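Tertiary structure, described
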There are 2 protein chains.
Amino acid sequence: MAENLRKRSFWTWGFTADEPSLADRQEAAKRIARRTGVEVTPPPVPDLADIDIRAPRLKVPSALQGWVGTDSEERLLHTYGGHSLELLAALRGRFENPPDAVAHPASEEELERTLAWADEQGHVVVPYGGGTTVVWGVNAPEGADTVVTVDLDRLNRVLELDPVSRAARVQAGILGPDLEDALRPEGLTLRHFPQSFPWSTVGGWVATRSGGHYATNHTHIDDFVESVRMLTPRGWWESRRLPGSGAGPSPDRMVIGSEGVLGIISECWLRLQKRPTFRATAGIAFASWAEGAEAVRQIVQAKLWPANLRLLDPVEARQSAGVEDSSALLIVGFESADATQDANIRAAVAIARSAGGRIDDEAIRIDDGKGRATGRGGAVGAWRNAFIGVNAGLTNGLGLLSDTFETAITWDRFAEFDGAVRDAMGDALSRTLGSGTSLSCRFTHVYPDGPAPYYSFSGPAALGGEFEQWSALKAAASEAVIAAGGTITHHHAVGRMHRPGYDRQRPDLFAEAYLAAKRTVDPKGLMNPGVLFDP
Amino acid sequence: MAENLRKRSFWTWGFTADEPSLADRQEAAKRIARRTGVEVTPPPVPDLADIDIRAPRLKVPSALQGWVGTDSEERLLHTYGGHSLELLAALRGRFENPPDAVAHPASEEELERTLAWADEQGHVVVPYGGGTTVVWGVNAPEGADTVVTVDLDRLNRVLELDPVSRAARVQAGILGPDLEDALRPEGLTLRHFPQSFPWSTVGGWVATRSGGHYATNHTHIDDFVESVRMLTPRGWWESRRLPGSGAGPSPDRMVIGSEGVLGIISECWLRLQKRPTFRATAGIAFASWAEGAEAVRQIVQAKLWPANLRLLDPVEARQSAGVEDSSALLIVGFESADATQDANIRAAVAIARSAGGRIDDEAIRIDDGKGRATGRGGAVGAWRNAFIGVNAGLTNGLGLLSDTFETAITWDRFAEFDGAVRDAMGDALSRTLGSGTSLSCRFTHVYPDGPAPYYSFSGPAALGGEFEQWSALKAAASEAVIAAGGTITHHHAVGRMHRPGYDRQRPDLFAEAYLAAKRTVDPKGLMNPGVLFDP
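In this report, the structure presented in the accompanying data block is examined. (Residues numbered from 1 in each chain as written. Chains lettered and ligands numbered in written order. Predicted model: local features only at pLDDT ≥ 70, side-chain atom pairs only at ≥ 80, totals over all residues. Heavy atoms only, no water.)

Some words on the interface of chain A and chain B
- Listed by partner, the interface residues are 80 residues for chain A and 80 residues for chain B.
- By the criterion of area lost to chain B, the three top residues of chain A are Arg 240, Pro 249 and Leu 509 of chain A, representing 11% of everything that side buries.
- Linking chain A with chain B are six salt bridges.
- Between the two partners, chain A and chain B, sit 38 residue pairs in polar contact (both at pLDDT 80 or more).
- For the side of chain A that touches chain B, the residue count by class is 35 nonpolar, 26 polar and 19 charged. (Contact = heavy atoms within 4.5 Å. Buried area = accessible area lost by both parts, 1.4 Å probe. Salt bridge = Lys/Arg side-chain N within 4 Å of Asp/Glu carboxyl O. Polar contact = N/O pair within 3.5 Å; in protein donor to acceptor, adjacent residues only side chain to side chain. Nonpolar A, V, L, I, M, F, W, Y, C, P; charged D, E, K, R; others polar.)

Here's the deal with the relation of the copies chain A and chain B
- If you rotate chain A by 180° and push it 0.0 Å along the axis, it lands on chain B with an RMSD of 0.0 Å. Taken together, the rotation and translation describe the operation of a two-fold axis.
- With an isologous cut-off of 70% or more, the 100% of interface residues of chain A that recur at the interface of chain B puts this contact in the isologous class. (Least-squares fit on C-alpha atoms with pLDDT ≥ 70 in both.)

Structural notes on the sheet that holds strand 9 (residues 235–238) of chain A
Residues and elements named next belong to chain A.
- Judged by pairing direction, the sheet is antiparallel, and its five strands sit side by side in the order 5-6-10-8-9 without closing on themselves. Every interior strand has two partners, whereas the edge strands, strand 5 (158–162) and strand 9, have only one. Within the sheet, the average angular offset between the axes of one strand and its neighbour, ignoring direction, is 10°.
- With five bridges joining them, strand 6 (residues 167–171) and strand 10 (residues 264–271) adopt antiparallel strand pairing. Bridged to Val 170 within strand 10 is Cys 268. (Pairing = 2+ DSSP bridges. Helix = DSSP H or I, 4+ residues; strand = E, 2+ residues; numbered from the N terminus. Axes fitted to C-alpha atoms, helices over the stretch in contact; angles between N-to-C directions.)

Topic: helix 3 (residues 84–91) of chain A
All names here are of chain A.
- In terms of burial, helix 3 is largely enclosed, as seven of its eight residues are buried.
- The complete set of buried residues in helix 3 reads Leu 85, Glu 86, Leu 87, Leu 88, Ala 89, Ala 90 and Leu 91.
- Its buried side turned inward, helix 3 meets helix 1 (22–36), strand 17 (400–406) and helix 13 (466–483).
- Just past helix 3, the residue Gly 93 takes up positive phi, approximately 80°. (Buried < 20%, exposed > 50% of the residue type's maximum accessible area, 1.4 Å probe, protein only.)

A word on the pattern of salt bridges
All names here are of chain A.
- One pass over the structure, following the stated rule, counts 70 salt bridges over all chains.
- For Arg 209, the salt bridge goes to Asp 222, with nearest N and O atoms at 2.8 Å. In this pair, Arg 209 is assigned in the loop between helix 6 (202–208) and strand 8 (225–232) and Asp 222 in the loop between helix 6 and strand 8, connecting sequence segments 13 residues apart. Like Asp 222, Arg 209 is buried.
- Across the salt bridge formed by Asp 222 and Arg 253, the nearest N and O atoms sit 3.5 Å from each other. Residue Asp 222 is found in the loop between helix 6 and strand 8, and its partner Arg 253 is found in helix 7 (residues 251–255); the two are separated by 31 residues along the sequence. Comparing Asp 222 with Arg 253 shows no difference in burial state: the two are buried.
- Linked by salt bridges that have partners in common, Arg 499, Asp 503, Arg 506, Asp 508 and Asp 534 make up one network.

See below:
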């Protein structure tokens, strides 16, 4: 079995190289204790070799053993996704439901033979990209007899680059940074930077409709997919490479967001950008969250299409950008490979000011395309890198419960929606965690017809009772979001976690129709059961 | 039965008010004779009352007779869509396969009762918007025993307007101009203007993925649909109103482009625009089509997102905009409700000039938002209204065969593609029609990764042999487009006409999967059979 190029950590979000030191964790424990009043010693990190897990319930044929294995460490490393409660269970050495085998196909032929074997034997198949899912997208389904996880990490190359159309044919298992490294020499970039970017894959992004760098206009990976190639138990499904089409319903849109229930995406043609050189950025303060939201609405409806248009409520403005005066902070940013963004940033700032925003002229930062900038940028710099590559390991097991949930809602309902969600979560937090809790929100993406609010919450957890506490909070969040008209997820995907809310949200007949579609390509129902639908 | 508000013409594309006079037709006949060398007298327009058609093969229950009828004129008027060969057949009084009944439900209850009756009795159902389809989308399927056409013309209101989110809840049967009339008092507009705009409906646009006003960025109606409500034989399918979502595959994208095979779209929430006041336009000449195409590529990849970015080849530049020197003509236009487009048009012109484009500074026309303009606009004005509301009746039956086909292709393959299509069509035209033929192309929509070329052809037809000649030409066009890697349609839809090409283009497993999805909501296969799939 080939060694992973980078070894995944089993107790933090990322690679072993990202794991915090014991000293860092002790420091974090002290910080948390000051907030919660409870001293916690960072729990020891177990040695994977010491953890006993269920024996594999299947035998791998010798012909497949070059890339399919059943060794414990591999199976432990593929038991969980990246949700903080999963990382906590892992840190505590709990791996009740590992997959029985893990495949690392290095070619389409190996992928075909893996799927043919699983289909013939009736093994459940869980497609696995970077394993960063926070919605239980890659777990072995409860109740499945035998489970094979197919890790795409060896299908990780850029196969073709078309600088004329600005597109690339990319294997699904490539990680974000490797993709960008391959595109950089051509002056191209995908510029899709979900928070999971360092450790997640193109295939995972497409399968889960991830949201990335662009805050407006083309926000989801959906818009960057030119065509898809996917292996189903019935064979290959591949769309024609086209810049646009109106020939029937889009085949790609049935695959994008399929979360592994149809098949395994093996490659895509992706639409690329020229690397931006002209930039313009401004951080604009607002007296209130509501005032900032109104400014965002006006800016996005003016269709200037900023790459960044992120509003932080006063709590997040303080935490992430050091804003101390209870202002909400709006970060507006434009970028282009071709033209100065001077006019755009000034138009956006003018709208923001007329809606009550405060910014000094000299705090508007404009790059001239040669790396020289005018203006000082204000609070933007502190914020810039606060979100990518969040280290979930640092606070793992230290008595702090924290999570996020994200949604989208039309502008006409936003104020009421936000109020209802904050009320419900405020109640749930004090009921479940007592005092010392925190709740905040930012807009990660914005559309002309509404924002995508992203809520974060945290509070002191009862050691050993975290899962039950989290479950109560998650249920409250989901109920609030769905009851108030939002979507159960804007870009974190459905997985197994969001099923109750998703089942209330999607049209019932759509669910029946899509399930029938799935059954034509996966007649035995082996592909990632429990995600999107009941197994 | 309620009278139609505007009476549809049976022999021209549009209403009876749009029908050309006999004098106009005689004038057109002379013009055509000068080109073809054959004098043709405009054929007389038959009186619908004189045309004998097949008796209805079903009985309408008395409870439904308030809105479902079998009278001949209604059935004649719903026999054909708007393709020129269909209009020719109609002008010649040939109506071999009319539907057996036509329904005009005025409420969702009437729609439900219509569909319930058809489903119970096994009548095929053909959803009908404005009847402007040029791809045989609304014809009674050959071989069907009984057919009911459901005309949405009485479900034609704007039900709700949300100026905060800029969205409206609209019934599917509303015509383009009526929608715009309803939005105008609020300062809003959909700005979706397909060529069929005066006579086509919102439901038709959504069902066929129509392409509209915007040449770049959000081109298809797909992007303007916030949610859909559709009645299937199994009941209602309605999505949640959301500005964006990543919760599983998009339910709406299964409906958009469904061309009536799943059910009847009864209403949608549509995303709207504020009416633009700032405008900037330029007509830029290029020595060649290839040089113009390269400029278009560079402009669209600069992501300035002009509303208009249409390139006419030298033939079209002469015909539509009076350009006499064999130049290709690029029309670039920006518009905004909020900000001057001065910087954008100058950036686009700069790119065009560096790619060889010729335009005088004073020919750049910039509106200041108050209706005052600088610059003179050059060739743009002549072109502006050359495409909406094409009058297909004027030349009907006069010995001129003309048609269009449209596609999309990535930039890296465009030159070769365009050469192959022109070669194949040139051969087919001279083989089929002899001399005096014409072939031309323009870009109607453009994406960063490729253009949507729209080809027009014409030539002298043999009276009475038009259909066979057209069939040979259409087959050649479809073969060329599909063989060279394009899509069989960019915005005209698949219908029954494009099935052979479509069947080669879409992934086979997608077709199986989508058909299975259809069967869950239409178990008897009554919804518009023959469109997208075999009946």
